[in-house]
Amino acid sequence: MQTAVAQEFPIASQKGHPVGLRVLFATEMWERFNFYGMRALLTLFLVNALAFSEADSSYIYGGFLGLCYLTPMLGGYISDRYLGNRSCIILGGFIMGVGQLLMVLSASLYATNLETAKTVVWIALLVIIFGNGFFKPNISSMVGQLYPKNDRRLDSAFTIFYLGINVGAFLGMSICPFLGDRTDLNGMRMVSAFKWGFLAAGLAMFFGTILFFFLKNKYVVTPDGKAIGAKPDFSKPAAGPQAEAEKAKFTTGAIAGVLVLMVALFFGIHYLSVDPLDPSPIKAWLYPFIYAAGISLAVLILTDKSITKIERHRIIVMYFVAFFVIFFWACFEQAGSSLTFIADYQTDRHLLGINLPPSFIQNANSIFI
């Protein structure tokens, strides 16, 4: 069977890319449109429509992003053990779309019932966080499965896929602020317009998910026609002694030790985070949870009995790289908070007689970063 596949799909002679890459490209592009388009408006919406302070809106924004990076651990686990990549992408996409519709609802209620609008936005952000957790880790992992092992096209495939991320982010950061961050003839912000930006983000998410749903069976397949990202089947043994393990193996002692570490880190970071002059519960409780959970999960991965010594060393190298990458992303993500307010208050946004929205300015800056 392997010989027949090798003859039909010779690695060295393959040119171009499978159509499945286009499907994943488009799906990821519309998801990034949704995420970055919503992110461009979030802090401005919290401050101008829901009457949060700039400090509180920044804390909410930071907590939202932190959980968006944390929940993919849960989504990846559920995918690998129970649902598979395909189901998690569809589930996560529709959940995020529903979250954006809840943002639209909050943006429609602020004028008549502010407290209800605030409650709805908390629910909306939580829904988007969990949807992102299901979606984000699963679509990226499917790109490599489109190709045979050692295929020379794989590097360029991920480059193309990442281009889809950038295209979607650019479109979302351009169109959503254009629709949702409007001013009247007197230069006053039209707060009622925020809902149109969130609606555009939600429609993009639904469109990308539906596109994937209808095209996955035909195009998102391996070179020999098998479905990629289907529900895992642990009844079949791994192929050969050098095959990758199908699931992680953690001892009870390792799990218990990591839980103790997480609790200790949580209360330690919480103690260091308490500021009598700034009693924000998000800063004091949510941020310590994000830090403690992230560090503890990183330790837990290293205790996996199914990984080899070489794999463990490679993971440690990735941790070192990730540590330094944190500082870049800490600066990059200011685009949705502090840079937004600088663009709003301290930037001349007039261009060719057009008063550009601050959310457009700050996201234009983030593109060049």
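Scroll up to find the structure.
Residues numbered from 1 in each chain as written. Predicted model: local features only at pLDDT ≥ 70, side-chain atom pairs only at ≥ 80, totals over all residues. Heavy atoms only, no water.

Asker: What exactly am I supposed to notice about the overall build of the protein here?
Answerer: For the protein, the count of helices and strands is 12 helices and four strands. Residues counted as buried form 42% of the 369 residues belonging to the protein. Residue pairs in contact within the protein that sit at least 24 positions apart in sequence constitute 77% of those at least 6 positions apart. As displayed, the protein has an accessible area near 19700 Å², and 69% of this comes from carbon and sulfur atoms. (Helix = DSSP H or I, 4+ residues; strand = E, 2+ residues; numbered from the N terminus. Buried < 20%, exposed > 50% of the residue type's maximum accessible area, 1.4 Å probe, protein only. Contact = heavy atoms within 4.5 Å. Areas by Shrake-Rupley, 256 points an atom, 1.4 Å probe, with all protein chains shown as cover.)

Asker: Would you mind going over the nonpolar core with me for this structure?
Answerer: In a soluble, globular protein the nonpolar side chains are often hidden away together inside. Among the nonpolar cores identified, the biggest contains 62 residues, and L24, M38, F45, F64, M103 and F198 are the most heavily contacted of them. In contact with L24, not counting residues within four places along its chain, are I139, M142, V143, L146, F161, F212 and V220. (Core = buried A, V, L, I, M, F, W, Y, C linked by side-chain atoms within 4.5 Å.)

Asker: Could you clarify how one ought to interpret the side chain of S106 in this entry?
Answerer: With respect to the secondary-structure elements, S106 resides in helix α4 (residues 85-109). You can call S106 buried: its relative accessible area is 0%. Not counting chain neighbours up to four residues away, the residues in contact with S106 comprise F45, L50, A117, V120 and V121.

Asker: Sorry if this is basic, but what is going on with unusual backbone geometry here?
Answerer: Trans peptide bonds make up the majority, and among non-glycine residues the majority have a negative phi. Phi at A51 takes a positive value of approximately 65 degrees, unusual for a residue other than glycine. Here A51 falls in the exposed class, since its relative accessible area comes to 53%. One non-glycine residue, N150, adopts positive backbone phi at about 70 degrees. Inspection of the secondary structure assignment puts N150 in the loop between α5 (114-143) and α6 (154-180).

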